[in-house]
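Report on the structure
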Amino acid sequence: MADTPRIVFNGTPTTIDGVPATTTLLDWLRDHACMRGTKEGCAEGDCGACTVVLERLTGDGCLNRSAVNACLTMVGQIDGAGVRTVEGLARPDGMLHPVQKAFAEGAGTQCGFCTPGFVMAAYAFAVSAPSNEISLIHDAIAGNLCRCTGYRPIIEAISRVAPLKNDPLEQSESELRDALAALSREGTACFDFPGCRFFVPQSLPDALFLRSRMPDARLLTGGTDLALMVSQKRERIPSVIYLGKVRELLAIEDIDNHLVLGSAVTYTQAFEPLIGHYPHLQAYFTRIGSPQIRNLGTIGGNIGTASPIGDMLPILLALGARLRLASHARGEREIAAEEFFVDYRRTALAGDELIVAIAIPKPSPGSLSFFDKISKRRDQDIASVCAAYNLVMEGGIVRQMRIAFGGLAATAKRAYDVESALIDRPLSDEAVSDAARKLRQEFQPISDLRAGAQYRLTVAVNLLRRLALRVLDPSVGWDLDAYD
């Protein structure tokens, strides 16, 4: 007998049946659960109207609440989790939740289309926020598009209620924990539906075995890319192997000279470990999607899609990361990140392999690292050009240099000729000009909807100049923040 996804829906254990496991949570909510407070706007994770909160138990038994886009979440991947929608915030006596009340009293409510998503993003923030600092609130709603009232009353409403000290839903937390614990599974689950088989392995050996038997199955971790096939293109995916429950792929290890991230680690989970070693990544990380995207999207998924403008890829190239790959038949192997990306959307991953982990070297003594993302808007946008730099200076001379760009070629790419033009020289105007000439020879970007080829080259050259200014005069704030 086939398994079916089981969740705790607004506090009530619920079985999701009668639909393929690739059905988006948004479609199930609106068309099957008849909970239509969650809205569909863009169906691609940009507008936030479909925001709901996932409730999951952490390894130490604590309850984690995170905002996600229901349009990018397949029901098969939330098996064992809790789902909280705007309807589920109401108190048992029918009174408004404090977050809802703050929006209503502060004129933050809108036409009803966007408000539920804002309320759920605000709720996820309020129950976990360390403070109501304005920059944190801005980031919390970066994935929500306001169409009516403007952001000022919304931000003021959130600032009044966060951090939320007395959440009425806490009264039922023990019951929720028990209900979630009761949904845990051992071994691989298979959600079988005519025309769609959805596998959820729990261990790496099981995942590798499935991969060896089903090389044509689509691999799913966060789904922020793959889910577009369902949410926008309305395609039926015949077979899926969901890797988000594989224990080995969720590990984060700080060992020796490396930080090792399992390939199913989300951006949110990787944030603090990475920032601890590379503080300049903080501003860059907040511009990767939105909280909803970062709570779903994974480091390994970004690598596997091999997009030429993948946000993490230049970082991994510049920092000298290595990828651990594995197959059921041949075991594990390691490969440098720059050897993994072969061509546009093509990688060195064999048909029976999985990306297991990413080993990122810790900073060497005296090294400097910087990261840039240039896009049409600050938040929730795809990069026109992104860049990462890792260098070591000795006596004003560049001794080591790694530079990588995204958006300038068919793949994210190391700028080897640019590096050679700068190594063993001071970061003088002459050296930077020579590096700029090399850059224009080394890269031939294309023009597309996001940027023109000449614009991309000009931006990349200007980023080299900014790099020199950062190193030569670090007392000046060369990095601009739209919130300052």
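This section reports on the structure supplied with the text. The structure presented is a predicted model; accordingly, all values stated were derived computationally and were not measured. (Residues numbered from 1 in each chain as written. Predicted model: local features only at pLDDT ≥ 70, side-chain atom pairs only at ≥ 80, totals over all residues. Heavy atoms only, no water.)

**Remarks on the overall build of the protein chain**
The condition that has to hold: Going along the chain from the N terminus, every DSSP run of H or I of four or more residues is numbered as a helix, and every run of E of two or more is numbered as a strand. Here the globule rule is a power law, 2.2 Å times the number of residues to the power 0.38, and the radius of gyration is based on C-alpha atoms. When accessible area is computed with a 1.4 Å probe and restricted to protein chains, residues below 20% of their type maximum are described as buried, those above 50% as exposed, and intermediate ones as partly exposed. Contacts between residues were defined by any pair of non-hydrogen atoms, one from each residue, lying within 4.5 Å. To be clear on the numbers: accessible area is Shrake-Rupley with a 1.4 Å probe, and residue cover counts the displayed protein chains and nothing else. Charge assignment in this entry is limited to Lys and Arg as positive and Asp and Glu as negative, and neither His nor the chain termini are counted. Lysine's charge is taken at NZ, arginine's at CZ, aspartate's at CG and glutamate's at CD.
When helices and strands are tallied, the protein chain shows 17 helices and 20 strands. What you see for the protein chain is a C-alpha radius of gyration of 23 Å, in line with the 23 Å of a compact globule of 484 residues. Seen through its C-alpha atoms, the protein chain measures out along the principal axes to roughly 70 × 55 × 40 Å. Here the protein chain holds 484 residues, and the buried ones make up 55% of them. In the protein chain, 65% of the contacts between residues at least 6 apart in sequence involve partners at least 24 apart. Summing over all exposed atoms, the protein chain offers an accessible surface of approximately 20500 Å²; the carbon and sulfur share of this is 51%. Within the protein chain, one finds 50 positive and 56 negative side-chain charges whose respective centroids are separated by 4 Å.

**Here's the deal with the pattern of salt bridges**
Definition in use: One speaks of a salt bridge when a side-chain nitrogen belonging to Lys or Arg is within 4 Å of a carboxyl oxygen belonging to Asp or Glu.
Applying the stated rule across the entire model yields 29 salt bridges. Between K101 and E105 there is a salt bridge, with the nearest N and O atoms lying 4.0 Å from each other. With K101 and E105 both in helix α2 (residues 98-105) and four residues apart, this pair spans about one turn of that helix. A residue is classified by how much of its surface remains accessible, and K101, at 42% relative accessible area, is partly exposed. A relative accessible area of 61% means that E105 is categorised as exposed. Close ionic contact of K373 with D311 constitutes a salt bridge, the shortest N to O distance being 3.3 Å.

**Here's the deal with the environment of R470**
The topology assignment puts R470 in helix α17 (residues 453-472). Judged by its relative accessible area of 5%, R470 falls in the buried class. Expressed as a C-alpha distance, the spacing of R470 and L368, which sit 102 residues apart in the sequence, is 9.9 Å.

**Thoughts on the packing of helix α16 (residues 429-442) against α17**
For any two helices packed against each other, the geometry is given by the interaxial angle and the distance between the axes. Heads up, the condition is: Each axis is a line fitted through C-alpha atoms, and for a helix only the stretch in contact is used; angles between axes span 0 to 180 degrees, taken between their N-to-C directions. Note on terminology: angles under 35 degrees are roughly parallel, angles over 145 are roughly antiparallel, angles of 65 to 115 are roughly perpendicular, and the others are oblique. By definition, any crossing whose near helix is turned counterclockwise from its far helix by less than a right angle is left-handed, and any crossing with a clockwise turn is right-handed. Each residue gets one of three labels, nonpolar for Ala, Val, Leu, Ile, Met, Phe, Trp, Tyr, Cys and Pro, charged for Asp, Glu, Lys and Arg, and polar for the others, Gly among them.
Two numbers describe how α16 lies on α17: the axes approach to 10 Å, and their chain directions differ by 150 degrees. Overall, the two elements α16 and α17 adopt an arrangement that is roughly antiparallel. Considering the relative orientation of α16 and α17, their crossing is right-handed. Residues V432, A435, A436, L439 and R440 of α16 pack against Q454, L457, T458, A460, V461, L464, R465 and A468 of α17. Each residue belonging to the contact of α16 with α17 can be placed in one class, and the counts come to nine nonpolar, two polar and two charged.

**Things to note about α2**
Think of an α-helix as turning once every 3.6 residues; residues three or four places apart then point the same way. Applicable threshold: In this description, the arc belongs to the directions extending from the helix axis to the C-beta atoms.
Regarding α2, the residues found buried are V99, Q100, A102 and F103. All buried residues of α2 lie within an arc of 160 degrees about the axis, which places them on one face of the element. Buried residues in α2 make contact with α3 (115-126) and α5 (151-161). Just downstream of α2 lies A107, where phi reads positive at about 60 degrees.

**Overview of the pairing of strand β2 (residues 12-15)**
The cut-off we apply is this: Two strands are said to pair when DSSP picks up at least two bridges between them.
Sheet topology note: the strand β1 (residues 6-9)/β2 ladder contains four bridges and is antiparallel. Residue pairing across strands places R6 opposite T15, the latter belonging to β2. Linking β1 to β2, which pair antiparallel, is a turn of two residues; within it N10 sits at a positive phi near 50 degrees.

**Some words on the packing of aromatic side chains**
The criterion, for reference: We call Phe, Tyr and Trp rings a pair once their centres come within 6.5 Å, taking the six-membered ring for Trp, and we label the pair stacked below 30 degrees between planes, edge-to-face above 60, and tilted otherwise.
Within this structure, the stated rule accounts for nine aromatic pairs. Considering the side-chain rings of F198 and Y242, the 6.3 Å spacing of their centres and the 35 degrees angle between planes classify their relative orientation as tilted. A residue pair is termed long-range when its members are at least 10 positions apart, and F198 in strand β7 (residues 196-200) and Y242 in strand β9 (residues 239-242) qualify at 44 residues. Comparing F198 with Y242 shows no difference in burial state: the two are buried. Ring geometry for Y267 against F285: centres 6.1 Å apart, planes inclined by 70 degrees, an arrangement best described as edge-to-face. Highlighted residues: Y267 in helix α9 (residues 267-277) and F285 in helix α10 (residues 281-285), separated in sequence by 18 residues. Each member of the pair, Y267 as well as F285, carries the same accessibility label: buried. In this structure an aromatic cluster arises from ring pairing among F191, F198 and Y242.

**As for the sheet that holds strand β4 (residues 63-69)**
Here five strands make up an open sheet; going across it, the order is β2-β1-β5-β3-β4 and the pairing mixed. Each having just a single partner strand, β2 and β4 make up the two edges of the open sheet. For this sheet the average axis-to-axis angle between neighbouring strands, irrespective of direction, equals 35 degrees.

**Things to note about the state of the cysteines**
Under the convention used in this document: Disulfides are defined as cysteine sulfur pairs within 2.5 Å.
All chains considered together, the criterion is met by zero disulfides. In this structure C34 is a free cysteine whose sulfur lies 18 Å from that of C50, the closest cysteine sulfur available. For C34, a relative accessible area of 47% corresponds to the partly exposed category. You can see C190 has no disulfide; the closest cysteine sulfur is in C196, sitting 9.2 Å from it. Residue classification places C190 among the buried residues on the basis of a relative accessible area of 16%.

**A closer look at the sheet that holds β9**
The mixed open sheet is built from four strands, whose spatial order is β6-β7-β9-β8. Pairing within the sheet leaves two strands with one partner each, and these edge strands are β6 (189-193) and β8 (218-220). Taken pair by pair, the neighbouring strands of this sheet meet at an average axis angle of 20 degrees, ignoring direction. Two elements, β8 and β9, share three bridges in a ladder whose sense is parallel. The partner of L220 across the bridge, within β9, is Y242.

**Digging into unusual backbone geometry**
A cis amide bond links A162 to the next residue, P163, at an omega of -5 degrees. Relative to the helices and strands, P163 is located in the loop between α5 and α6 (173-181). You will see that D424, though not glycine, has its phi angle at about 65 degrees, which is positive. By the element assignment, D424 lies in the loop between α15 (416-422) and α16.

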